[in-house]
Every structure is written in structure tokens, then in C-alpha cells.
Amino acid sequence: MTAPGQPLLALRGVKAYYGNVAALKGVDVEIREGEIVALIGANGAGKSTLMMTVFGAPRAREGEIRFAGRDITALPTHEIAKLRIAQSPEGRRIFPRMTVLENLQIGGTVSDAADLSADLDRVFTLFPRLRDRQHQRGGTLSGGEQQMLAIGRALMARPRLILLDEPSLGLAPLLVQQIFAAIRTLNEQDKLTVFLVEQNAHHALKLAHRGYVIVNGEISMQGSGRELLQRPEIRAAYLEGGVR
Amino acid sequence: MPREGKLDRPPDLPAALKEAAIAALVAFGLFVLLIGIRTDQGPTGALVFTTRFGALAAIVAAVFVATALRALFWRRIVLAFGSVAPIPIKRSAARLANYAAAAFLGFALLVPIVFYGNRYLLDLGILIVTYTMLGFGLNIVVGLAGLLDLGYVAFYAVGAYSYALIAQYFGLSFWICLPLAGLLAAFAGILLGFPVLRLRGDYLAIVTLGFGEIIRFVLLNWQSLTGGPNGIPGIPRPSFFGLPFNASEHGFAATFGLHYSPTHRIVFLYYVILTLALLTNWVTLRLRRLPIGRAWEALREDEVACRALGVNTTNTKLTAFAMGAMFGGFAGAFFATRQGFISPESFTFTESALVLAIVVLGGMGSQLGVAIAATVMLGGFELFREFHQYRMLVFGIAMVAIVIYRPRGLVATRAPSVSLGKPKDISAAAVGDARTETPA
Ligand SMILES: Nc1ncnc2c1ncn2[C@@H]1O[C@H](COP(=O)(O)OP(=O)(O)OP(=O)(O)O)[C@@H](O)[C@H]1O
Ligand SMILES: [Mg+2]
């Protein structure tokens, strides 16, 4: 448990570069325990970079990242994962030649081996499709199933915080609703803290307690999900022509 | 099947003829100097120029006809036998692989009994099993962990020299030296692993290639220890739990009341290497089911994702190198005791290439495939020994054919490492079969 008032994840003045090109130009983000926080922004704004910087790839060149009060800015990536921060990365990055079950087991690398079957059960209850396809190779799953697998794999770590990079990308509306419902369930029942990157700003902001808007590597706006949804500049930039 | 439409269409004759003409032209260009013209040493010692245009024409014609036939009928053959096999066929294929593995193992066990009188075949058997074991070892690095290693022979050499030197200087027996040789080779594996941790693909291949050569050059030049190019002669032969294989009173034959025969030692050596190879296979299959083995495979698929899931990729890579190297070292120690003599000449890049070819042709990651590939390649070499001028030609054609028609290796199926409870659906049933103990 984090001390009251202390955020679970805090980025302060984080700058990250690809070569000499700045992708994050001093970002401040706070996520409190039990929250769903959405991050929205245009293509190339730096959303995925922000998520990966939490994992040290790329590493923050300036600023500080704290998880549950601990400075993790310089920690090796796999050590960060051991603190029970999990992610479903951009592009899913499941292991294509390994079966669904094996993918999930790798996800459980940081968990107790004794909990394996309970954790598998939890994931299979959330995504019954994965149970039916547990012996299928990851690369032969449909896009939506792969997304479920990526999220399920992250959940195998029994995370305190889960980072989801565009979980609705390329999915049919019905499946998007399923994924978002799953996220809500995880948050409400399992008290999982969620940090969500989404192009689908309408859905994301409706689901999230709070949101951040990133423009060109800088946080330009923040507020409650409802509040951000009402802002005219957000409607113009991210919602117009989208879902009402 | 969407391709069925094409089956109904009559074969496209002009296109086939065009393709055949191009192939014939290429064949002509290739062979006009190789076959069409020949120089021999004449009676006076001067070179005599002869032409063989008849043979050239025959080959070009053969290429033309073969290409035309292939262009006309290949699609039908492929469709008939189905590279897109429906599920029931695939399912029985998984079972077939299991039977094949069992049959293969049974045959391997019986070889010394069936071919007892045939020293030549026994030696060939030992050679094949040795390379199978090397293939299993390299398979851990290349097939499972996905780290392309072109210098695997280095560990074979380290194992061989470790055994030779320890046995000579300290007079220890083969069975004590064997684990030491494996340990030293594993250490060499870690030594190689550290500098290449950040390298992938072609860069990794180049550095490992260099590593193999460095080890060979050290062996060549460290004269005082390794004897340099002269190698190490008189390496102790293995004994049967202390009983030497000779005609003496205390020898193996006398103790068991048999007539002394030099074949006893060959048979013993065969079973030693077979045991070592099976041990390697067993350990590999075990490891694949443990977290470390899964981490190797995941590393092959996506290193970044691995790290983000909490896999320590540094340790994972180093253990893969160390494990693969250790089995190479075992095989090397065996090689030294079998030959009784080793020199750097036995550990050239050709050996690395041969073992890598076995792993790749076997279908990376498949144990049965490695065993078959080793048998086919080394057996094939022997078979074509009489036609030694065409040996490399046939070898090359075989390689090209496999790469074209079985690009993922002879045995391309990958058995999953885990399965929960009873298989439930078709796909589960198919893979459930493959998860029994036999090498798959
Ligand atoms: N590996 C990389 N090397 C160099 N530049 C990169 C790399 N990854 C991202 N960038 C650059 O960094 C910037 C931010 O990229 P990022 O992937 O974080 O955007 P994003 O907000 O996630 O966009 P999208 O919505 O399209 O996923 C972009 O300009 C991109 O070109
Ligand atoms: Mg992105």
C-alpha cells in the first residue's frame, strides 16, 4: 500500500530522447491507486514513448519516475516489471510461435509459480475465448484475440498497475466494448490501477476517472474524464466526427 | 480452397516453355565452361584441350525438359498432396512424428547388434550420433533461444582439448574428465556470451564466427600447452568401468569370458555417445518446459516484450550459451577419446557450418528433425563418397531443394511445452499427442 495521498506512479519532469530527438519534453503525470487514467493525443505525440519510459526503454534522460514511492528511473526493465507494473504494449507483441498458454506463462514470470493455475483461471474467466484457444499458436489468433492475450499476459503478473497501449486498436465495435468492460471490471472488482493510452478518446475519457492530453511530447491538458470530454478544444481535436 | 480454380484451367504451355528456356539458358551459362570444355594433361605434360559439347547439350536439354514439366504439373501435385493439409491430416502428422521418433530411437539402439560385423557402418553410426548430439546442443542456442552462433565448433574444441589435457596431465579417467570438459566448455560459452549480449542477427553471427576462429588460433599457437599444429597424440581410451578394452587378462573381454575383439570398444563407444545424445535430448525437452526454456523461446520471438514481462534477458542468453556449449563440450570430450588424437585441424569453420546446417535443415527447434538431418547429411556424404567429384554438387542441390520446398526444415512442427488437463478441441487434441516424452 502506498501512503495516503502519495501517487502510485509519478513522473516528474521526464524527458526522453530517440537519439537526439526529444520525444518527451518534461512530462508530469500522477496516477493514484485505484484510478483509471487515460492518456490521449495525436499520432506521434509521445503516448507510447511515455509508457515505455516507465519501463526504462527509452530511459528518461532527465526527471524522475517513482512507483509506490520508490525511484525506478534507473532500474533495469525486468526489475521494474518485478515491482508488478505490467503492460500490454503497442502492437501487442505477443510471442507468435508459442501457444496461448505459453504466452500466459511467460506473463507469469514475476509471479509465484504456485499461483499459476489460479492466475490462469482468472484470465480465462475474463476472456473465455482464450481458454478455448489455449493450445493455438499466438500468431494465428485473430487481432481481437491477440489483444485479449496481450492483456491477459500482463494480468498474469498480478500487477498493481497495468499500462494499456491502444487496447482497442483494430477491433470491431462489439469487441471494443468487451475490452473496455473487462478493464472496468478489473478496476472495480480487483482494484487494479489502469493507465490507458487510446485513440478512441470518447470511450477512453468516459471510462477514465482522469485524463491527460499530450501534444508534441508535452502534457497540454489534464482533468477528470467528464471535464475533458466537455472541453471544446478536445471535442474539436479528438472527438469531432467520432462517436457522439 | 481458393486455388482450386487454377486446377481446372489447362496448363499454360507458352509460359512453361518460356520458363524452361530461361532455365536452359542459365544452365548453359553455368556449364559451358564447367562441362563443355575440359583440359587434360597430355602425354608430353602439356595441357590438352578437349570439348564435350555432347554432354553439355544433354544437360541443358535435361534442365529444359525438367523445368517445363515442373512448370506444367507441379501445381497439380502440390494441390493433390496438399501443402495446405486439412486438420485431420495434420493431426495424424503429429502422431506420425511420435511414431517416427520411437522407431528412430529403436533403430539407433539396435544398430550395434544388427551391424555388429560391419566396422565401417558402426563408425558411421558413431559419427552420425556425435553430430546429432552437437545438433541438439546448438539447437538450444539457435533453435530455442534464436541466437545465431557460427562458432559452435569452439566449444567442441574446448571440450576435446580439456579432456585430452586433463587426462594426460592428471591421469583422470574419462568419466571424471567428461563433466569437467563440459564445465570448461560452458565457461567458454559464458565468456562468449558477455560481449555479444547486445548483438542480434548478423552482427551476432559475425562475432561468434570470429570466436570460433580465435579458439582455433589459440590452439594452433599455444604450442607449449596444446602442441600447436601437431595436436595431442596418445589420448587415453575410455575403459568399461575400469576394464580396458584390450586382450590382457584384466581386459573387458577376459573378465566377461569373451573372445577379445576390437569391435567391443567400438560398440561401447557407440552406446556412450548414444547415451550422451539421449541425455542432451532429455535435458532439452525438460528445460523447454521449465521457465528458463520458455524464456529462451520467448527471447527468440521478442526480446523487448520479454524484458517488459520481467524476464532477465542477460541471464537467459548466458544460460543458453552455457547450456549449448556444455553439450558441445561433452561431445568434444567424446571425440577426443574416440580418436585418440586431436589437432586444431578437426575444429575448422566447416564443422560449425555442418552442425548449423543440421539444425536449420532439421527445422529449428525440432529434436527429431535434427536427428534425421544428421543422418541424412552424414549418411549422404558417405553414400556419395564414391562419386566424390559430384558430392558437393548433390549436397548443394539437396540444400537448395530443402530451402525451396521445406523452408522451415524437414520437421517444421513445434510441440508446445505445456498443456492443461484433457485436450478439449481439435487443435488441443492434435498437440496433446505431441506432448508425450518422446523427442518431437
Ligand atoms: N524507436 C524510435 N526511434 C526513433 N524515433 C521514434 C522511435 N519511436 C518513436 N519515435 C518517435 O517519437 C515520437 C513519439 O512516438 P510515439 O510512438 O510515442 O507516438 P504515439 O503518441 O504513441 O503515436 P501513435 O498514436 O501513432 O501510436 C514520434 O515522432 C516517433 O516518430
Ligand atoms: Mg503509440
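Residues numbered from 1 in each chain as written. Chains lettered and ligands numbered in written order. Predicted model: local features only at pLDDT ≥ 70, side-chain atom pairs only at ≥ 80, totals over all residues. Heavy atoms only, no water.

1. A few points about the overall build of chain B
Our working rule: Secondary structure follows DSSP: runs of H or I at least 4 residues long count as helices, runs of E at least 2 residues long count as strands, and numbering of each begins at the N terminus. Note on classification: 1.4 Å probe, protein chains only; a residue is buried when its accessible area is under 20% of the maximum for its type, exposed when over 50%, partly exposed between these limits. Any two residues whose heavy atoms approach within 4.5 Å at even a single point are treated as in contact. Only the protein chains shown count as cover for residues, and the accessible areas themselves come from Shrake-Rupley with a 1.4 Å probe.
The helix and strand inventory of chain B stands at 18 helices and two strands. Expressed as a percentage of the 440 residues in chain B, the buried residues total 46%. A fraction of 74% describes how many contacts in chain B between residues 6 or more apart in sequence connect residues 24 or more apart. Per element, the accessible surface of chain B, about 22400 Å² overall, is 70% carbon and sulfur.

2. Details of the sheet that holds strand β2 (residues 21–31) of chain A
Residues and elements named next belong to chain A. Keep this limit in mind: The pairing criterion is simple: DSSP has to find at least two bridges between the two strands. Axis angles are defined between N-to-C directions and span 0 to 180 degrees, where every axis is a line fitted to C-alpha atoms and, for a helix, only to the segment in contact.
Taken together, four strands build an open sheet; the order of strands is β2-β1-β4-β5 and the sheet is antiparallel. Each edge of the open sheet carries a strand with a single partner, namely β2 and β5 (70–71). Pairing geometry for strand β1 (residues 9–18) and β2, over eight bridges, is antiparallel. Looking at the pairing, Leu-9 lines up with Ile-31 of β2. Of the strands in this sheet, β1, β2 and β4 (62–67) touch helix α1 (residues 47–54), which is tilted by about 110° from β1.

3. Some details on helix α14 (residues 313–339) of chain B
Residues and elements named next belong to chain B. We count it as follows: Expected span of a helix: the number of residues minus one, times 1.5 Å. The definition of a polar contact used here is a pair of N or O atoms within 3.5 Å, where within protein one atom must be able to donate a hydrogen and the other to accept one, and adjacent residues in sequence count solely through side-chain atom pairs.
Here α14 is 27 residues long and its end C-alpha atoms lie 39 Å apart, about the 39 Å a rise of 1.5 Å per residue gives. With 22 of its 27 residues buried, α14 lies for the most part within the structure. One side-chain oxygen at the N-terminal end of α14 lies 3.2 Å from the backbone nitrogen of Thr-314; it belongs to Asn-312. One or two steps after α14, the chain reaches Gly-340, where phi turns positive at roughly 75°.

4. Notes on the coordination of the magnesium ion (ligand 2)
All names here are of chain A. Put simply, the rule reads: In this listing, donors mean N, O and S atoms no farther than 2.8 Å from the metal, or 3.2 Å for Na, K and Ca; water is missing from the atoms, so a site can look incomplete.
Coordination of the magnesium ion (ligand 2) by the protein is provided by Ser-48 (OG) and Glu-90 (OE), with metal-donor distances spanning 1.9 to 2.4 Å. Of this pair, Ser-48 sits in helix α1 while Glu-90 sits in the loop between β6 (85–88) and α3 (100–107), and the two are 42 residues apart along the sequence. On the basis of relative accessibility, which here comes to 46%, the residue Glu-90 falls in the partly exposed class.

5. A closer look at the site of ligand 1
Residues and elements named next belong to chain A. Spelled out, the test is: We define proximity as follows: a residue is near a molecule or strand when any one of its heavy atoms falls within 4 Å of that partner.
Residues in contact with ligand 1 amount to 13 residues; listed here are only the nearest, Lys-47, Ser-48, Thr-49, Glu-90 and Gln-199. With respect to ligand 1, the backbone of Gly-46 contributes an N or O atom lying 2.9 Å from an oxygen atom. Here an oxygen atom of ligand 1 and a side-chain polar atom of Glu-166 are 3.4 Å apart. Coverage of ligand 1 by the protein chains reaches 57% of its 630 Å² of free accessible surface. Residue contributions to the shell around ligand 1 peak at three residues, all from α1.

6. Section: the domain arrangement of chain B
To keep things clear, this is the line we draw: Source of the domain bounds: an automatic or database domain assignment.
Each domain of chain B was delimited in the assignment, giving domain 1 (4–80) and domain 2 (116–353). Between domain 1 of chain B and domain 2 of chain B, the C-alpha centre-to-centre distance is 43 Å.

7. Let's talk about the interface of chain B and chain A
The cut-off we apply is this: We define a salt bridge as a contact between a side-chain nitrogen of Lys or Arg and a carboxyl oxygen of Asp or Glu at a distance within 4 Å. Ten residues, namely Ala, Val, Leu, Ile, Met, Phe, Trp, Tyr, Cys and Pro, are considered nonpolar, four, namely Asp, Glu, Lys and Arg, are considered charged, and the remaining ones, Gly among them, are considered polar.
Between chain B and chain A, the contact holds 29 residues from the first and 28 residues from the second. Inspection of the region where chain B meets chain A yields one salt bridge. Among the ionic pairs, Asp302(B) bridges to Arg93(A), the shortest N-O distance being 2.8 Å. At the boundary of chain B and chain A, one finds four residue pairs in polar contact (both at pLDDT 80 or more). Listed by contribution, the elements that provide at least two residues to the side of chain B that touches chain A are α12 (291–301), α13 (303–308) and α18 (426–433) of chain B. The element contributing the most residues to the side of chain B that touches chain A is α12(B), with six residues. In terms of residue class, the side of chain B that touches chain A is built from 14 nonpolar, four polar and eleven charged.

8. Considerations on the packing of aromatic side chains
Put simply, the rule reads: Between rings of Phe, Tyr and Trp, where Trp is taken as its six-membered ring, a pair exists when centres lie within 6.5 Å; planes separated by under 30 degrees are stacked, by over 60 edge-to-face, and by other angles tilted. Ring-over charges, as used throughout, are those where CZ of Arg or NZ of Lys falls within 6 Å of the ring centre and within 35 degrees of the ring normal.
This structure, assessed with the given rule, holds eleven aromatic pairs over all chains. Judged by centre distance (5.9 Å) and plane angle (70°), the rings of Tyr152(B) and Phe155(B) are edge-to-face. A relative accessible area of 1% places Tyr152(B) in the buried class. Centre to centre, the rings of Tyr156(B) and Phe335(B) are 5.4 Å apart; their planes meet at 45°, and the pair counts as tilted. You can see Tyr156(B) sitting in helix α6 (residues 153–170) and its partner Phe335(B) sitting in helix α14, a full 179 residues away along the chain. Neither Tyr156(B) nor Phe335(B) differs from the other in exposure class; each is buried. Site record: aromatic cluster; members linked through ring pairs are Tyr156(B), Tyr161(B), Phe335(B) and Phe347(B). Its end group placed over the ring of Phe95(A), Arg153(A) keeps NZ or CZ at 4.9 Å from the ring centre.

9. Some points on the pairing of β6(A)
Residue and element names in this part refer to chain A. The alternating pattern of β6 places Ile-85 and Gln-87 and Ala-86 and Ser-88 on opposite faces, both of which are buried. Looking at chain direction, β6 and strand β7 (residues 161–165) are connected through four bridges and run parallel. Looking across to β7, one finds that Ile-85 is bridged to Leu-161.

10. Side note on the nonpolar core
Condition: Buried Ala, Val, Leu, Ile, Met, Phe, Trp, Tyr and Cys residues form a nonpolar core when they are joined through side-chain atoms within 4.5 Å.
Membership of the largest hydrophobic core comes to 90 residues, with the highest contact counts inside it found for Met133(B), Phe155(B), Tyr163(B), Phe327(B), Ile342(B), Phe347(B) and Ile358(B). Looking at which element gives the most residues to this core, the answer is helix α5 (residues 119–144) of chain B, with 14 residues. Setting aside residues up to four positions removed in sequence, Ile342(B) forms contacts with Ala160(B), Tyr161(B), Ala164(B), Gly231(B), Ile232(B), Ile235(B), Phe335(B), Ala336(B) and Phe347(B). The next biggest cluster of nonpolar side chains, apart from the first, holds 47 residues, and it includes Leu104(A), Phe124(A), Leu141(A) and Met148(A).

11. Considering helix α8 (residues 201–221) of chain B
Residues and elements named next belong to chain B. Using the following cut-off: Taken from the helix axis, the directions to the C-beta atoms give the arc we talk about.
The terminal C-alpha atoms of α8 lie 31 Å apart, and with 21 residues this matches the ideal 30 Å at 1.5 Å per residue to within 8%. Listed as buried for α8 are Leu-204, Ala-205, Thr-208, Phe-211, Gly-212, Ile-215, Arg-216 and Leu-219. When α8 is viewed along its axis, its buried side chains cluster within an angular range of 125° and face the same direction. Every exposed residue of α8 that faces more than 90 degrees away from the buried side is listed here: Asp-202, Tyr-203, Ile-206, Ile-214 and Asn-221. Those residues of α8 that are buried are in contact with α6, α7 (174–193), α9 (223–226) and α14.

12. What about the environment of Ala20(B)?
Residues and elements named next belong to chain B. Along the polypeptide, Ala-20 turns up in helix α2 (residues 13–34). Taking the C-alpha atoms as reference points, Ala-20 and Glu-213, separated by 193 residues in sequence, lie 43 Å from one another. Those residues within four positions of Ala-20 in sequence are excluded, and the remaining contacts are Phe-64, Thr-67 and Ala-68.

13. Some remarks on the pairing of strand β1 (residues 37–41) of chain B
Residue and element names in this part refer to chain B. Here five bridges tie β1 to strand β2 (residues 47–51), and the two strands are oriented antiparallel to one another. Its bridge partner lying in β2, Ile-37 is registered against Thr-51. Where β1 hands over to β2, the hairpin turn is made up of five residues, of which Gly-45 adopts a positive phi near 95°.

14. Overview of unusual backbone geometry
Residue and element names in this part refer to chain A. Ala-57 connects to Pro-58 through a cis peptide bond whose omega is 10°. Even without being glycine, Arg-92 reaches a positive phi, approximately 70°. If you trace the backbone, Arg-92 turns up in the loop between β6 and α3. Judged by relative accessible area, Arg-92 falls into the buried class, the value being 16%.

15. A closer look at the pattern of salt bridges
Should the charged atoms of two oppositely charged side chains come close, the side chains can pair. With the rule as written, the count across this model stands at 24 salt bridges over all chains. Its salt-bridge partner being Lys15(A), residue Glu62(A) comes within 3.6 Å of it at the nearest N-O pair. One end of the pair, Glu62(A), is in strand β4; the other, Lys15(A), is in strand β1, and 47 residues separate them in sequence. Across the pair Arg300(B) and Glu297(B) runs a salt bridge, and its minimum N-O distance is 3.2 Å. One end of the pair is Arg300(B) and the other is Glu297(B), both in helix α12 and three residues apart, which spans about a single turn. Both residues of the pair, Arg300(B) and Glu297(B), belong to the buried class.

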